There are 2 protein chains.
Amino acid sequence: MFHIDQRSSTPIYQQLIQGVKEALLRGGLRFGDKMPSVRELAGQLAINPNTIQKAYQELERQGVIESLRGRGTFVCQHIEAHADLARQAEVNEALRKALIEAHYLGLGAEQIMAMVKEHLHDLSIGGE
Amino acid sequence: MFHIDQRSSTPIYQQLIQGVKEALLRGGLRFGDKMPSVRELAGQLAINPNTIQKAYQELERQGVIESLRGRGTFVCQHIEAHADLARQAEVNEALRKALIEAHYLGLGAEQIMAMVKEHLHDLSIGGE
DNA sequence: CGCAGTGTACTACCTGATATAGTACATATA
DNA sequence: TATATGTACTATATCAGGTAGTACACTGCG
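Residues numbered from 1 in each chain as written. Chains lettered and ligands numbered in written order. Predicted model: local features only at pLDDT ≥ 70, side-chain atom pairs only at ≥ 80, totals over all residues. Heavy atoms only, no water.

A. Looking closely at the overall build of chain A. Of regular secondary structure, chain A possesses 5 helices and 2 strands. When the helices and strands of chain A are read in sequence order from the N terminus, they spell out α-α-α-β-β-α-α. Taken over the C-alpha atoms alone, chain A extends approximately 50 × 35 × 25 Å along its principal axes. Across the 128 residues of chain A, 42% fall into the buried class. Partitioning the contacts of chain A with sequence separation of at least 6, the portion at a separation of at least 24 is 52%. (Helix = DSSP H or I, 4+ residues; strand = E, 2+ residues; numbered from the N terminus. Buried < 20%, exposed > 50% of the residue type's maximum accessible area, 1.4 Å probe, protein only. Contact = heavy atoms within 4.5 Å.)

B. Here's a closer look at the protein's contact with DNA strand D. Around DNA strand D there are 25 residues in total, and Val38(A), Arg39(A), Pro11(B), Ile12(B) and Asn50(B) lie nearest to it. The sugar and phosphate moieties of DNA strand D supply 61% of its atoms located within 4 Å of the protein. Here Ile12(B) contributes a backbone N or O atom positioned 2.4 Å from a phosphate oxygen of DNA strand D. Of all elements in the fold, only α2 (38-45), α3 (49-61), β1 (65-68) and β2 (72-75) of chain A together with α1 (12-26) and α3 (49-61) of chain B reach the threshold of two or more residues within the surface near DNA strand D. Top element by residues in the surface near DNA strand D is α3(A). It accounts for 4 residues. (Near = heavy atom within 4 Å. Polar contact = N/O pair within 3.5 Å; in protein donor to acceptor, adjacent residues only side chain to side chain.)

C. Here's a closer look at the interface of chain B and chain A. Facing 47 residues of chain B, the contacting portion of chain A comprises 47 residues. Summed over both partners, the interface of chain B with chain A comes to about 4500 Å²; 69% of that surface belongs to carbon and sulfur atoms. Three residues stand out in chain B for area buried against chain A, namely Arg96(B), Tyr104(B) and Leu105(B), and they jointly supply 17% of the buried area on that side. For the pair chain B and chain A, the number of links is 8 salt bridges. The closest approach of N and O atoms between Asp122(A) and Arg96(B), which form a salt bridge, is 3.2 Å. In this assembly, chain B and chain A are joined by 15 residue pairs in polar contact (both at pLDDT 80 or more). At the level of secondary structure, the elements contributing two or more residues to the side of chain B that touches chain A comprise α1, α4 (85-104) and α5 (109-122) of chain B. (Buried area = accessible area lost by both parts, 1.4 Å probe. Salt bridge = Lys/Arg side-chain N within 4 Å of Asp/Glu carboxyl O.)

D. Summary view of the domain arrangement of chain A. Domain assignment breaks chain A into domain 1 (12-75) and domain 2 (85-122). One C-alpha centre belongs to domain 1 of chain A, the other to domain 2 of chain A; they are set 27 Å apart. (Domains from an automatic or database assignment.)

E. Structural detail: the pattern of salt bridges. Counted by the stated rule, this structure contains 18 salt bridges over all chains. When the shortest N-O distance is used, the salt bridge between Asp122(A) and Arg26(A) registers 3.2 Å. Here Arg26(A) lies in helix α1 (residues 12-26) and Asp122(A) lies in helix α5 (residues 109-122), a separation of 96 residues in the sequence. For Asp122(A), a relative accessible area of 34% gives the class partly exposed. Overlapping salt bridges, with partners in common, bring together Lys21(A), Arg87(A), Glu90(A) and Glu101(B) in one network.

Pasting the structure below:
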């Protein structure tokens, strides 16, 4: 269901978080869908259940999914944008860093804007 | 000279790399400038010299600065864009992640584009 | 030449995050 | 009750980041 690179330096639980978010944007997951259980996904991906749980907990903290003991884990019906100031600053900083790196790769403003547009389209991110 | 947050989870040497690149874009550092010596900067920032050296080595690997044994470390005269494919992929992925996070903060495409433009202007990144 | 300042290299060690392993408990559903 | 689920907890191993200390090589200058 998700692609995990064991050799990657980025933690598995973060790869999983990223994968869920991308799947949601791309349509592979829809609002209300039931997620695989912690143990099931752990079996599929050959990963320790604790690692799955960690990813699920973080996704729940961010309001993307919802866990119900005894029932399962589900994608939230309405993903509300929670205006977390600290998180906003983080994202802003990450964006800034990416743009600086893009510049040091020799890309100009126009090329960078084109890349951004392409990503937004690819992720089906439209107007508000 | 640079602002380091000891409590940040991002490694000190990466903060330093980021700081040098930003200083260069903003004009705080100019091509040919002499960087503080490893020991001097370590003293100023109350950081181990090895950490400074690690940052300098990475900056040299990226072609931003140049170290001359016995003389010092200098900002390169001409920062050449080296088309490192692996690095390109990294930057592309970092940009993608940042955009996904921005979307989950509730930002629409227009707002994101506005943020990008603001950053590019703030960093004086123009056309090629 | 001798000396100070510089970059560089290396080993050893500590800490925290990551991931795994195992166990146990709570709750919902059939 | 039985099963599947989420949840919690301890213990362990590994690795990256950072620190500490030492040593060596080179440059520039008196």
